[in-house]
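# Residue-level structure breakdown
If you want the building blocks of each chain, they are given just below.
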Amino acid sequence: MSDHIRTRHDDGVLEVVIDRPKANAIDLATSRSLGVIFRDFRDDPTLRVAIVSGAGEKFFCAGWDLKAAASGDAVDGDYGVGGFGGLQELRDLNKPVIAAVNGICCGGGLEIALSADLIIAAEHATFALPEIRSGTVADAASIKLPKRIPYHIAMDMLLTGRWLDVHEAHRWGFVNEVLPADRLMERAWELARLLESGPPLVYAAIKEIVREAEGSTFQTAMNKITKRQFATVDRLYSSEDQFEGARAFAEKRSPIWKGK
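We now turn to the structure provided with this report. (Residues numbered from 1 in each chain as written. Predicted model: local features only at pLDDT ≥ 70, side-chain atom pairs only at ≥ 80, totals over all residues. Heavy atoms only, no water.)

## Structural notes on the packing of helix 4 (residues 139–148) against helix 5 (residues 151–160)
Quick note on the threshold: Helix axes are fitted only over the stretch in contact, all axes being lines through C-alpha atoms; the angle between N-to-C directions runs from 0 to 180 degrees. By the criteria applied, helices consist of DSSP H or I runs no shorter than four residues and strands consist of E runs no shorter than two, each listed in order from the N terminus. When describing relative orientation, an angle under 35 degrees is termed roughly parallel and one over 145 degrees roughly antiparallel, while 65 to 115 degrees is termed roughly perpendicular and anything else oblique. For a crossing to be left-handed, the near helix must be turned anticlockwise from the far one by less than a right angle; the clockwise case is right-handed. Working rule for contacts: check all heavy atoms of both residues, and any pair within 4.5 Å makes them a contact. Gly falls in the polar group here, along with every residue not listed as nonpolar (Ala, Val, Leu, Ile, Met, Phe, Trp, Tyr, Cys, Pro) or charged (Asp, Glu, Lys, Arg).
Taken N-terminus to C-terminus, the directions of helix 4 and helix 5 make an angle of 155°; their axes are 8 Å apart at the nearest point. Judged on the interaxial angle alone, helix 5 and helix 4 are roughly antiparallel. The crossing of helix 4 and helix 5 is right-handed. In this structure, helix 4 uses Ala 141, Ser 142, Leu 145 and Pro 146 to contact helix 5, whose residues at the interface are Tyr 151, Ala 154, Met 157 and Leu 158. Looking at the contact of helix 4 with helix 5, its residues break down into 7 nonpolar, 1 polar and no charged.

Right, dumping it as C-alpha cells:
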C-alpha cells in the first residue's frame, strides 16, 4: 500500500486522502494503491459511503504525475484495478462517493472528481483540463464531461485548457456546493452521515440504473427495471429492506436499514 494515501474508517464511512506533496499528483504506484482501496470499499458490506479528498489546502489532485512519466512511468501503464485513480473504471461500484475538493483540481484530478457522485468544493478551488497544453488527451473527461455540463462549455475546457473558478463550476452544475475552506470536510462528513443512514440497496439500484441507462434508450432501461434484469433491482425487490421501508412508512417511524 502506498505511503501517499491516508485512510480512516468511522462506522460505515471511509475517508481517502491523497497525500503526495507537492501537488497530490498520481503515479502508477499510487494509482494501483487507490484501486485496491476503492475495490475493498466496494466489496466491504460494512462500508456504505466514501469521501475522497487531497491533503493540504492548495491541491485536491493535479492528476497524472508528469515527473514520474519523465522518469519512466508509461502513460498507458498499469494503473491497477479501477483504472487511473482507482475510481473511473471500477466496475459495479454501487455505493455513494463524495469528492471534497480543497484546491486545484485539474487533469486526472478532475477526472477522479467526476467519478464521484457528489462534488463539494472550497471557495478557492479551481478546475481545468490542461492536457491539451502537454500534447495529450484528457480521455475520461472527454467521455464524461460533455454528459455532465453543457457541450460547448465542456469543449471549451477540453480544447483550450482554460481554468474555471469554483463559482463558474458551480454555475455549470458539476459542483454541488461551494463552502468556506474550514467547513469543507465538516460538510463532507455531514453528507456522508446522511447517506450512511439511508438504504444501501436503494443506493445500489440507483447507481446501477443511472450507469447502465447512459447507453440505453429510456424504454430499454425501463423494461430492464420492470423485468428485474438489473441485479441490484432484483435484489432490492426481494429484500427485507423493501418491506421495512413500507412498514416504517405505515407505522410513521424511521426505517431500520439492514442492507439485506
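Moving on from the model shown.
## A short note on the side chain of Gln 88
The criterion, for reference: Burial status follows relative accessibility: with a 1.4 Å probe on protein chains alone, a residue under 20% of its type maximum counts as buried, one over 50% as exposed, and anything between as partly exposed.
Looking at where Gln 88 falls in the secondary structure, it is placed in the loop between helix 2 (66–70) and strand 5 (97–101). Of the residues examined, Gln 88 reaches a relative accessible area of 16% and is grouped as buried. When sequence neighbours within four positions are dropped, the list of residues in contact with Gln 88 reads Gly 82, Glu 111, Ser 115, Ala 140 and Lys 144.

## Topic: the sheet that holds strand 9 (residues 164–165)
As a reminder of what qualifies: The pairing criterion is simple: DSSP has to find at least two bridges between the two strands.
With respect to topology, 4 strands assemble into an open sheet ordered 4-6-8-9, the strand pairing being mixed. The open sheet has two edge strands with one neighbour each: strand 4 (59–61) and strand 9. Alignment of strand 8 (residues 126–128) against strand 9, held across 2 bridges, turns out to be antiparallel. Within the sheet, the bridge partner assigned to Phe 127 lies in strand 9 and is Leu 164.

## Section: the side chain of Arg 20
Inclusion rule: Pairs of N or O atoms within 3.5 Å make up the polar contacts considered here, provided that, within protein, one atom can donate a hydrogen while the other can accept it, and that residues adjacent in sequence are counted only when both atoms are side-chain atoms.
Within the secondary structure, Arg 20 sits in the loop between strand 2 (13–18) and helix 1 (28–43). For Arg 20, a relative accessible area of 13% puts it in the buried group. There is a polar contact of 2.9 Å between the side chain of Arg 20 and the side chain of Asp 27. A distance of 2.6 Å separates a polar atom in the side chain of Arg 20 from a polar atom in the side chain of Asp 65. Discounting chain neighbours no more than four positions away, the residues touching Arg 20 are His 4, Ala 25, Ile 26, Asp 27, Thr 30 and Asp 65.

## Thoughts on the nonpolar core
Which entries qualify depends on this criterion: The term nonpolar core refers to a set of buried residues drawn from Ala, Val, Leu, Ile, Met, Phe, Trp, Tyr and Cys, joined through side-chain atoms within 4.5 Å.
If you look at the biggest cluster of nonpolar residues, it comprises 48 residues, and the most contacted ones within it are Val 97, Val 101, Leu 110, Phe 127, Leu 129, Met 157 and Phe 174. In this structure, Val 13, Val 49, Ile 51 and Ile 98 belong to the second largest nonpolar core, which totals 15 residues.

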